[in-house]
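Remarks on the overall topology
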Amino acid sequence: HVEVIKCYEKLSPKPYRLTLVNASSDVAYSGMLPGLISGLYRYDEAHVDLGHLCDACGVRFVGGTVAELDPASRIIQIGQSGRSLSYDAVSIDIGLFAEVPQASNLRQRIVVTKPVRRFLQVLDDLEKEFENYSPSQPYEMVVYGGTPASLEMCLALAHRFNSRAGSLGKARMTYISPFQNILERKYQRYTKPLKVRLAKAKVHVICQAEIKDCQGDQLILSNKEKASCHKLLWMHTVAGAPWLKKSPVDTSAAGLVKVNGNLESCSHDGVYAVGDAAMCNQEQSVSLNGLLAYRMGTILAENFRRRFLGQPQLSYEFRKPHKFFISADGKRAVGNWYGFGFRQSRMWQLKEELERWWTARYQIPAKDTRVATFMESGNLTEEPCSGVATRLPSGKAVGSTVAKMTASVLKKPTSLHVYTDPGNQVEVMRTNDYLRGFVSDPYRFGALSAQHCLNHFYGEGGQALYAHLFIGTEFGPKQAMTRDLQVILDGAMTVFEEHDVSANTGYYWGSWETG
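Let me sum up the structure you'll find in this document. Since the structure is predicted, the reported quantities are computational estimates derived from the model, not experimental observations.

Along its length, the chain carries 14 helices and 27 strands. The 515 residues of the chain split such that 43% are buried. The long-range fraction of contacts in the chain, counting pairs at least 24 apart against all pairs at least 6 apart in sequence, stands at 64%. Total accessible area on the chain stands at roughly 26,600 Å², and carbon and sulfur atoms take up 52% of it.

Here it is in structure tokens:
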């Protein structure tokens, strides 16, 4: 999807409007995650800032997770807030999620890699716990997998714990594979060098074993072996998101969207899926690495453009990647490069060069946007908001000194006016607030604008009663303008209703400003 965003930037004119929904404002590149865990990369090197990327490419960013997809009404529900987004076409690229067993004894020991920020915090907390452990009774960390990703994570954790003074000798790694070897059959050509790396990292390996339950600190395995465990990184069974399994969209047993050659759902028009969230109709996994994801993104972006222009869409050719890497401990990797293999240090260099090129394409540096403020320039059209408020002792109205000072700075009266009846019994406040579009998400813009207005009253110890709303949106198709208006109103009314404020009038006109 980040490639779709980059392609959208180049479109002129733009035949459609693009919105990205993601739980956080940054996303980890999975290929660099083992290096991040090992300490070879910084957090910002292995992540893409989606906020900067969307701003630079003219894409709206909505923070949240999808809770429901209704392809018949073409609506998605965001989280538990009740907020919804309508769409003409939607694409799903959410990857895979660990299916954690329900056994309570296991659940309390299991950790997962998503979300990445939380996983990193768990590792930091673990290293603090190591202070209470001695080499004679080390902390037992188990990785359960059998996939390249699980093996990469095991070696990365071993390198992390063995290279830091605070954890050196205080953690012991165990790798459990349900297959006959450390990896499933299709990766057997890479097992021999990886077994050497596991041995050098002092990782205990158990194969042909499934984890059934846990008693105390001992895992119960299907082959009757025992494995001590304080924390269990579960990477064996993965599947699509639960909400996707419940949707009417045709999915596989694992919850992956079945797509045709156009990357569109086999069952519903306007629903696309890419990456690990998709599989072709022959039950073949679609994407295995970043290179395929990059190529898939270019096809998806072109199909979006062609869809809204009424042109035939392109077909994506499903094929195996000609570059494949598995990270080992430290700066080593195994894999193939157009069918050739190299020594592990050289393979790591090729892998790193490729991954840094890929992430650099989407890592938009924060620009210095310092410009003269409206007070410095005297241009009041640059003023983001004409509202002014101040915190004073409870029960005290805006003082004349504050009002005069504000008026002298802005060369116009303050937006907060206080009216007092002749008997000084009741004070009535009124505030006029003008805000321009300062966030790309219209819902957040409406909610933040409403909260901003309320802050004026609360800063004076008052209570807001009602509001008049005047909303301007950018020119566009009537349907798009109507959607924007409704979403902005939904955001504002969510805040007003929470504070028992009636919005008794709403006015709308088209304007030249977004939001």
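Take helix H6 (residues 148-163) next. The end-to-end C-alpha distance of H6, which contains 16 residues, comes to 22 Å, matching closely the 22 Å that a straight helix rising 1.5 Å per residue would cover. Among the residues making up H6, those that are buried are Pro148, Ser150, Leu151, Glu152, Met153, Cys154, Leu155, Ala156, Leu157, Ala158, Arg160 and Phe161.

What follows is about the environment of Thr359. Within the secondary structure, Thr359 sits in helix H10 (residues 344-362). Classification of Thr359 as buried rests on a relative accessible area of 2%. Sequence-wise, Thr359 and Met32 are 327 residues apart; in three dimensions their C-alpha atoms are separated by 9.4 Å. Sequence-distant contacts of Thr359, that is, excluding residues within four places in its chain, are made with Tyr29, Met32 and Glu45.

A word on the pattern of salt bridges. Scanning the model with the defined rule gives 24 salt bridges in all. With its nearest N and O atoms 2.7 Å apart, the salt bridge here joins Glu99 to Lys245. Linking Glu99 in the loop between strand E9 (97-98) and helix H4 (104-107) with Lys245 in helix H8 (residues 242-246), this pair joins segments that are 146 residues apart in sequence. Under the relative-accessibility criterion, Glu99 is labelled partly exposed at 36%. Residues joined in a network through salt bridges with shared partners are Arg42, Asp44, Glu45, Glu352 and Arg356.

Moving on, we come to the nonpolar core. Among the nonpolar cores identified, the biggest contains 77 residues, and Ile37, Leu157, Met173, Leu194 and Leu233 are the most heavily contacted of them. For this core, the leading source of residues is H6, giving eight residues. In this structure, Ile78, Leu85, Tyr87 and Val259 belong to the second largest nonpolar core, which totals 18 residues.

A few words now on the sheet that holds strand E15 (residues 218-221). Spatially, three strands are ordered E14-E15-E16 in an open sheet, and the strand pairing comes out antiparallel. Because the sheet does not close on itself, it has two edges, and the strands there are strand E14 (211-215) and strand E16 (226-228). Between one strand axis and the next, the sheet turns through 30 degrees on average, direction left out of account. One ladder, built from four bridges, connects E14 with E15; its direction is antiparallel. Opposite Ile211, over in E15, you have Leu221 as the bridge partner.

We now examine the packing of aromatic side chains. Applying the stated criterion to the full structure yields 11 aromatic pairs. Between Tyr29 and Trp358, the ring centres sit 4.5 Å apart and the planes meet at 25 degrees, which makes this aromatic pair stacked. Here Tyr29, found in the loop between strand E2 (26-28) and helix H2 (33-38), pairs with Trp358, found in helix H10; they are 329 residues apart in sequence, far enough to count as distant. Taking relative accessible area as the criterion, Trp358 reaches 12% and is therefore assigned buried. Ring plane angle 65 degrees and centroid distance 4.8 Å describe the contact between Trp358 and Tyr362, whose orientation is recorded as edge-to-face. With a gap of four residues between them, Trp358 and Tyr362 both fall in helix H10, about one helical turn apart.

The next thing to look at is the environment of Thr298. By the secondary structure assignment, Thr298 is in helix H9 (residues 290-309). For the pair Thr298 and Cys7, spaced 291 residues apart in sequence, the C-alpha to C-alpha distance is 7.2 Å. If sequence neighbours within four positions are ignored, Thr298 has contacts with Glu3 and Cys7.

All right, on to the packing of helix H1 (residues 2-10) against helix H3 (residues 50-57) then. In contact at an axis separation of 8 Å, H1 and H3 are set at 25 degrees when each is read in the N-to-C sense. When the axes of H1 and H3 are compared, the pair comes out roughly parallel. In the crossing of H1 with H3, the sense of the turn from one axis to the other is left-handed. Here Val2, Ile5, Lys6, Tyr8 and Glu9 of H1 come into contact with H3, specifically with Leu50, Leu53, Cys54, Ala56 and Cys57. Residues of the contact of H1 with H3, tallied by class, amount to eight nonpolar, no polar and two charged.

Right, let's get into helix H13 (residues 442-459). The first and last C-alpha atoms of H13 sit 26 Å apart over 18 residues, in line with the 26 Å expected at 1.5 Å per residue. By the burial criterion, the buried members of H13 are Pro442, Tyr443, Phe445, Gly446, Ala447, Ser449, Ala450, Cys453, Leu454, His456, Phe457 and Gly459. Residue Asp441 occupies the N-cap position of H13, its side-chain oxygen lying 3.1 Å from the main-chain nitrogen of Tyr443. Gly461 sits one or two residues past H13 and shows a positive phi near 75 degrees.

Our focus in this paragraph is the sheet that holds strand E6 (residues 75-78). The three strands lie next to each other as E5-E6-E7, forming an open sheet whose pairing is antiparallel. Each edge of the open sheet carries a strand with a single partner, namely strand E5 (66-70) and strand E7 (83-86). On average, adjacent strands in this sheet sit at an angle of 20 degrees to one another, irrespective of strand direction. Sheet topology places E6 next to E7; four bridges connect them, and they run antiparallel. Across the sheet, Gln77 pairs through a bridge with Ser84, a residue of E7.

Let us now look at the side chain of Glu264. Within the element layout of this structure, Glu264 appears in the loop between strand E19 (257-259) and strand E20 (271-273). Within the local environment of Glu264, its side chain forms a polar contact with the backbone nitrogen of Gly270, the two atoms lying 2.7 Å apart. Those residues in contact with Glu264, other than ones at most four positions away along the chain, are Lys258, Val259, Asp269, Gly270, Val271, Tyr272, Arg307 and Gln313.

Taken as a whole and assessed by the stated rule, the structure comprises zero disulfides. We note that Cys7 lacks a disulfide partner, and the nearest cysteine sulfur, in Cys57, lies 9.5 Å from it.

Moving on: the pairing of E15. When a strand is regular, its side chains alternate between the sheet's two faces. Burial along E15 is one-sided: the face carrying Leu219 and Leu221 is buried and the face carrying Gln218 and Ile220 is not. A loop of two residues connects E14 with E15, the two strands running antiparallel in sequence, and Gly216 in this loop sits at a positive phi of about 65 degrees. As defined by bridge partners, E15 adjoins E16 across three bridges and the pair is classed as antiparallel. Pairing of Gln218 across the sheet is with Ser228, part of E16. Linkage of E15 to E16, two consecutive antiparallel strands, is achieved through a turn of four residues, within which Lys224 is found at a positive phi near 70 degrees.

Cut-off values and rules
Residues numbered from 1 in each chain as written. Predicted model: local features only at pLDDT ≥ 70, side-chain atom pairs only at ≥ 80, totals over all residues. Heavy atoms only, no water. Helix = DSSP H or I, 4+ residues; strand = E, 2+ residues; numbered from the N terminus. Buried < 20%, exposed > 50% of the residue type's maximum accessible area, 1.4 Å probe, protein only. Contact = heavy atoms within 4.5 Å. Areas by Shrake-Rupley, 256 points an atom, 1.4 Å probe, with all protein chains shown as cover. Expected span 1.5 Å × (residues − 1). Salt bridge = Lys/Arg side-chain N within 4 Å of Asp/Glu carboxyl O. Core = buried A, V, L, I, M, F, W, Y, C linked by side-chain atoms within 4.5 Å. Pairing = 2+ DSSP bridges. Axes fitted to C-alpha atoms, helices over the stretch in contact; angles between N-to-C directions. Phe/Tyr/Trp six-rings, centres within 6.5 Å; stacked < 30°, edge-to-face > 60°. Parallel < 35°, antiparallel > 145°, perpendicular 65-115°, else oblique. Left-handed = near helix turned anticlockwise from the far one by under 90°. Nonpolar A, V, L, I, M, F, W, Y, C, P; charged D, E, K, R; others polar. Polar contact = N/O pair within 3.5 Å; in protein donor to acceptor, adjacent residues only side chain to side chain. Disulfide = S-S within 2.5 Å.

The values are spatial; any link to function lies outside them.
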